[in-house]
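Given next are the chains, with one letter for each unit.
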Amino acid sequence: MFKKLFIAVICAAVLVGAGTGLWVWRGLGSLSKPVTLAEPVLFDVPSGTAFNDVARQLHTRELVEDSLWVRIYGRLFPEQARIKAGEYEFTDGMSAEAMLAKMVAGDTKHWSVQFIEGWTFRDMRSALAATERLEKLTSEWSDAQIMEAVGAEGEHPEGRFFPDTYLFTSSESDLDLLRRSFRRMESVLAEEWETRAEGLPYNSAYEALIMASIVERETGAPHERDQVAGVFVRRLQKGMRLQTDPTVIYGMGDKYKGRIGSKDLRTHTPYNTYRISGLPPTPIALPGREAIHASLHPGSGKALYFVARGDGTHKFSNTLAEHQKAVRAFQLNRRSDYRSSPAPDKDENK
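What counts, and at which threshold
Residues numbered from 1 in each chain as written. Predicted model: local features only at pLDDT ≥ 70, side-chain atom pairs only at ≥ 80, totals over all residues. Heavy atoms only, no water. Helix = DSSP H or I, 4+ residues; strand = E, 2+ residues; numbered from the N terminus. Contact = heavy atoms within 4.5 Å. Areas by Shrake-Rupley, 256 points an atom, 1.4 Å probe, with all protein chains shown as cover. Core = buried A, V, L, I, M, F, W, Y, C linked by side-chain atoms within 4.5 Å. Buried < 20%, exposed > 50% of the residue type's maximum accessible area, 1.4 Å probe, protein only. Axes fitted to C-alpha atoms, helices over the stretch in contact; angles between N-to-C directions. Left-handed = near helix turned anticlockwise from the far one by under 90°. Expected span 1.5 Å × (residues − 1). Pairing = 2+ DSSP bridges. Salt bridge = Lys/Arg side-chain N within 4 Å of Asp/Glu carboxyl O. Phe/Tyr/Trp six-rings, centres within 6.5 Å; stacked < 30°, edge-to-face > 60°. Lys NZ or Arg CZ within 6 Å of the ring centre and 35° of its normal.

Colleague: Break down the overall build of the chain for me, with residues and values.
Modeller: The helix and strand inventory of the chain stands at 13 helices and six strands. Within the chain, residue pairs in contact and separated by at least 24 positions form 65% of the contacts whose partners lie at least 6 positions apart. For the chain, the exposed area adds up to about 19,800 Å²; of that, 51% sits on carbon and sulfur atoms.

Colleague: How would you summarise the environment of isoleucine 284 if you had to cite specific residues and measurements?
Modeller: Looking at where isoleucine 284 falls in the secondary structure, it is placed in the loop between α11 (262-266) and α12 (289-296). Expressed as a C-alpha distance, the spacing of isoleucine 284 and serine 213, which sit 71 residues apart in the sequence, is 5.7 Å.

Colleague: I'd like to hear about the nonpolar core, residue by residue, with values.
Modeller: Ranked by size, the top nonpolar core spans 52 residues in total, and within it Val150, Phe161, Leu178, Tyr202, Phe232 and Ile292 carry the most contacts. Put simply, the parts of the chain that give this core at least two residues each are β3 (111-114), α5 (121-130), α6 (143-149), β4 (165-168), α7 (174-194), α8 (205-218), α9 (225-237) and α12. Per-element accounting of this core gives the leading share, eight residues, to α7. Discounting chain neighbours no more than four positions away, the residues touching leucine 178 are Phe121, Met124, Leu128, Thr138, Ile146, Val150 and Phe161.

Colleague: Break down the packing of α8 against α12 for me, with residues and values.
Modeller: With their axes 8 Å apart at the nearest point, α8 and α12 run at an angle of 115 degrees to one another. As for how α8 packs across α12, the hand of that crossing is right-handed. Contacts between α8 and α12 involve Ala208, Leu209, Met211, Ala212, Val215 and Glu216 from the first element and Ala291, Ile292, Ser295 and Leu296 from the second.

Colleague: How would you summarise α9 if you had to cite specific residues and measurements?
Modeller: Working note: α-helix, 3.6 residues per turn, so residues spaced by three or four point in the same direction. Over its 13 residues, α9 extends 18 Å from the first C-alpha to the last, a length consistent with the 18 Å expected when each residue adds 1.5 Å. Those residues of α9 that sit buried are Arg225, Val228, Ala229, Gly230, Val231, Phe232, Val233, Arg234, Arg235 and Leu236. On its buried face, α9 sits against α8, α12, β5 (305-308) and β6 (314-317). A positive backbone phi angle near 80 degrees is found at glycine 239, which sits one or two residues after α9.

Colleague: Describe in detail unusual backbone geometry, supporting the description with residues and values.
Modeller: Here the phi dihedral of arginine 133 falls at roughly 70 degrees; this positive angle occurs in a residue that is not glycine. Summarising the element assignment, arginine 133 is placed in the loop between α5 and α6. Residue arginine 133 is classed as partly exposed on the basis of its relative accessible area of 41%. Non-glycine residue glutamine 243 carries a positive phi angle of around 50 degrees. When you line up the elements, glutamine 243 lands in the loop between α9 and α10 (245-252).

Colleague: Describe the pairing of β6, and please don't skip the residues or the numbers.
Modeller: As defined by bridge partners, β5 adjoins β6 across four bridges and the pair is classed as antiparallel. Paired with valine 307 across the strands is lysine 315, a residue of β6. In textbook terms, the turn of a hairpin is the stretch between consecutive antiparallel strands, and for β5 and β6 this stretch comprises five residues, one of which, glycine 310, has a positive phi near 110 degrees.

Colleague: Provide a residue-level description of the pattern of salt bridges, including the pertinent values.
Modeller: Per the stated rule, a full pass over the model turns up twelve salt bridges. Ionic pairing is found between arginine 133 and glutamate 87, a salt bridge with its closest N-O pair at 2.8 Å. One end of the pair, arginine 133, is in the loop between α5 and α6; the other, glutamate 87, is in strand β2 (residues 86-90), and 46 residues separate them in sequence. Given the relative accessible area of 10%, glutamate 87 is considered buried. Note that arginine 160 is salt-bridged to glutamate 186, the shortest N-O span being 3.1 Å. With arginine 160 in the loop between α6 and β4 and glutamate 186 in helix α7, this residue pair connects regions lying 26 residues apart in the sequence. Because the salt bridges share partners, they merge into one network encompassing Glu155, Arg160 and Glu186.

Colleague: Before we move on, could you go through the side chain of serine 173 and cite the residues and values that matter?
Modeller: Assignment of secondary structure puts serine 173 in the loop between β4 and α7. In contact with serine 173, not counting residues within four places along its chain, are Leu134, Glu135 and Leu137.

Colleague: Which residues make up the pairing of β2, and what are the values?
Modeller: With four of five residues buried, β2 is to be regarded as a mostly interior element. Judged from the five bridges that link them, strand β1 (residues 41-45) and β2 form a sheet pairing that is antiparallel. In the strand pairing of β2, aspartate 44 is matched with glutamate 87.

Colleague: Got a sec to walk through the packing of aromatic side chains? Specific residues and values, please.
Modeller: Scanning the model with the defined rule gives eight aromatic pairs in all. Seen from their ring centres, phenylalanine 232 and phenylalanine 306 are 5.6 Å apart, and the 70 degrees between their planes marks the pair as edge-to-face. Taken as a pair, phenylalanine 232 in helix α9 and phenylalanine 306 in strand β5 lie far apart in primary sequence, 74 residues in all. A relative accessible area of 1% means that phenylalanine 232 is categorised as buried. With a relative accessible area of 14%, phenylalanine 306 lands in the buried category. Taken together, the ring pairs in this structure connect Phe121, Phe161 and Phe182 into an aromatic cluster. Against the face of tryptophan 111 rests lysine 109, its NZ or CZ located 5.7 Å from the ring centre. Note that arginine 184 overlies the ring of phenylalanine 162, its terminal NZ or CZ placed 5.2 Å from the centroid.

So, in structure tokens, the structure goes:
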């Protein structure tokens, strides 16, 4: 009798153990199943959050069937419980295991903000202010405070930040991006300055940056940058004034309403290159690497003038007489489809 009872107990224990094992196996297996999501889910893990709290939040957000299996999974595989703080994006078809692996790797969600070549520093600040998911530290700061914070106290901000697309996480601030952009411009300018052509009329890399900003604003056609730079370099070398409209516009500030007249050309400002000799005191925009390179490797030739054709490109002339003829052809008799920037590349719409 005792023997039969003992065997019965053993069998029951085996069955219970097997059943429990099957239950655990199925529960843990649920973590590898794809989760159906109608749209991507943003999942925030604040700094210092315990793993069990993450498990419960996954269940609350209906990303797992039961937080118990996530907690057991963390006990069985401690390395998969070392999640990092941050904001994560989970997409349709991901499993709970994949979500945990993403958080362990610290593969946080990134957003982006773009600073465009030819923008002013004011444009750049406006873009930062309008960027979502970015902590705003500098919104109420003056330009001088920003320059001090990026390590350039007392310097003018225009042109000192590199135009590019910058990725950021929800833990970063606008000041972080400003610092990155400033350091990037410092690096690019130093690299280009080291390989500059000989005989240029610049006393410093900063003067080359000023020229690059003018080149950036004068043409939207990439293949013309070195030609435009060549014209301006030759004018400086000959002691001629640059006489470039973008500098006039920059000097007008808020007074500029889309057009400049003869009165504006006669008005003296530190940036009116129809009135001043040499370069203006600071850059007038954010120049890209191509404009910087062109300013330090200007195109050869004899052209001293250029005028917009109306299709985004320019007609270059060696003499004033040739230039005046081009002005009559392209400016005084403008076509109905006149444009100051190149037409979009057809391939861009494909």
